[in-house]
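# Coordinate analysis (summary)
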Amino acid sequence: NPMVTHGHTTPAAIAATLLPVAFLAPSPLNRNSDDTDADIADLAWTIAETGLIQPISARPMGGGTYGILCGERRWRAFRLLERDTIPCFVKHLDDTQAQIERIVENYQRRDPSFMEQGEAVAALMELTDRDVSEVANRLGQSVSWVRRRAKLPNLISAWREELSKNGTPYFAIRDSVSKMEEIAVLPTATQQVILDSGVLRYIKTTKEM
């Protein structure tokens with residue numbers, strides 16, 4: 001049976017079940033993980049000590065195999081521990097639904113930076129044909145929040161690099177997302193001029209922008 005969450009209908013997840021680790025594989029829809037072998041080894045040690053807190057999720061891919069939607073790191077840790085099975089929520093989703101599910105689950109499992117929020121919004125907007133209301137419902141945010149964050153991926157790479165640094169004149173305004181949203185809607189050349197001029201360090205409010 002479908003379930004209604006935040007005003008939209010999604011396929012209900014089957015209760016977590018034990019699936020053979022060997023029957024699961026990373027989905028080609030997922031981005032490659034940046035985790036090193038040492039990162040996975042640390043996670044495996046934690047799981048061995050405290051157990052698995054949250055089951056992974058996957059969807060049937062045919063032939064008794066499953067594509068991982070969320071939890072590839074946990075699955076890799078289980079392989080390192082040579083476990084035979086892993087708790088898993090099985091969800092019957094098409095490619096688009098699977099991508100939406102992956103983005104939303106990853107978003108909810110971490111404390112995303114405002115740039116990561118913007119990237120998640122942009123990806124969901126594309127997958128939902130720019131349905132702002134659905135994106136807002138999926139992320140549990142307001143429509144105005146979605147519209148604001150949707151601007152952020154338009155920031156030029158130079159601004160992104162500057163904001164990722166510690167100890168720069170702009171470090172103090174990394175969390176002042178409203179300023180970045182205003183800059184992101186400007187032409188790329190203008191964004192670069194603002195960065196090069198250093199004027200932003202003297203601007204205290206969004207109104208001054």
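To be clear, the structure that these remarks concern was listed above.
What counts as what
- Residues numbered from 1 in each chain as written.
- Predicted model: local features only at pLDDT ≥ 70, side-chain atom pairs only at ≥ 80, totals over all residues.
- Heavy atoms only, no water.
- Pairing = 2+ DSSP bridges.
- Helix = DSSP H or I, 4+ residues; strand = E, 2+ residues; numbered from the N terminus.
- Buried < 20%, exposed > 50% of the residue type's maximum accessible area, 1.4 Å probe, protein only.
- Core = buried A, V, L, I, M, F, W, Y, C linked by side-chain atoms within 4.5 Å.
- Contact = heavy atoms within 4.5 Å.

Moving on, we get to the pairing of strand β5 (residues 56-62). A regular strand carries its side chains on alternate faces of the sheet. The pairing of β5 with strand β7 (residues 85-90) spans 3 bridges and is classified as parallel. When the bridges of β7 are listed, Ser57 appears paired with Phe89. The pairing of β5 with strand β6 (residues 65-70) spans 5 bridges and is antiparallel. Looking at β6, one finds that Ala58 is bridged to Ile68.

Moving on to the pairing of β6. Taking burial as the measure, the 6 residues of β6 include 5 buried ones, the bulk of the element. Pairing analysis gives 3 bridges linking strand β4 (residues 24-26) to β6, with the strands arranged parallel. Across the sheet, the residue bridging to Leu24 is Tyr66, located in β6. Linking β5 back to β6 in an antiparallel pair, the connection comprises 2 residues, with Gly63 at a positive phi of about 65°.

One non-glycine residue, Glu82, adopts positive backbone phi at about 60°. A positive phi angle, close to 60°, is found at Arg130, a residue other than glycine. Mapped onto the secondary structure, Arg130 falls in the loop between α4 (114-127) and α5 (132-139).

A general tendency of soluble globular proteins is for nonpolar side chains to be buried together. In terms of nonpolar packing, the biggest core is built from 17 residues, with Leu24, Trp75 and Ile86 touching the most fellow members. Of all elements in the fold, only α1 (37-50), β5, β6, α2 (72-80) and β7 reach the threshold of two or more residues within this core. Broken down by element, this core gets its largest block of residues, 4 residues, from α1. The residues touching Ile86, leaving out its near neighbours within four places in the chain, are Thr17, Leu18, Leu19, Val21, Leu24, Leu52, Ile56, Arg74, Trp75 and Phe78. In terms of nonpolar packing, the next biggest core, distinct from the first, is built from 15 residues, Val177, Met180, Ile194 and Ile203 among them.

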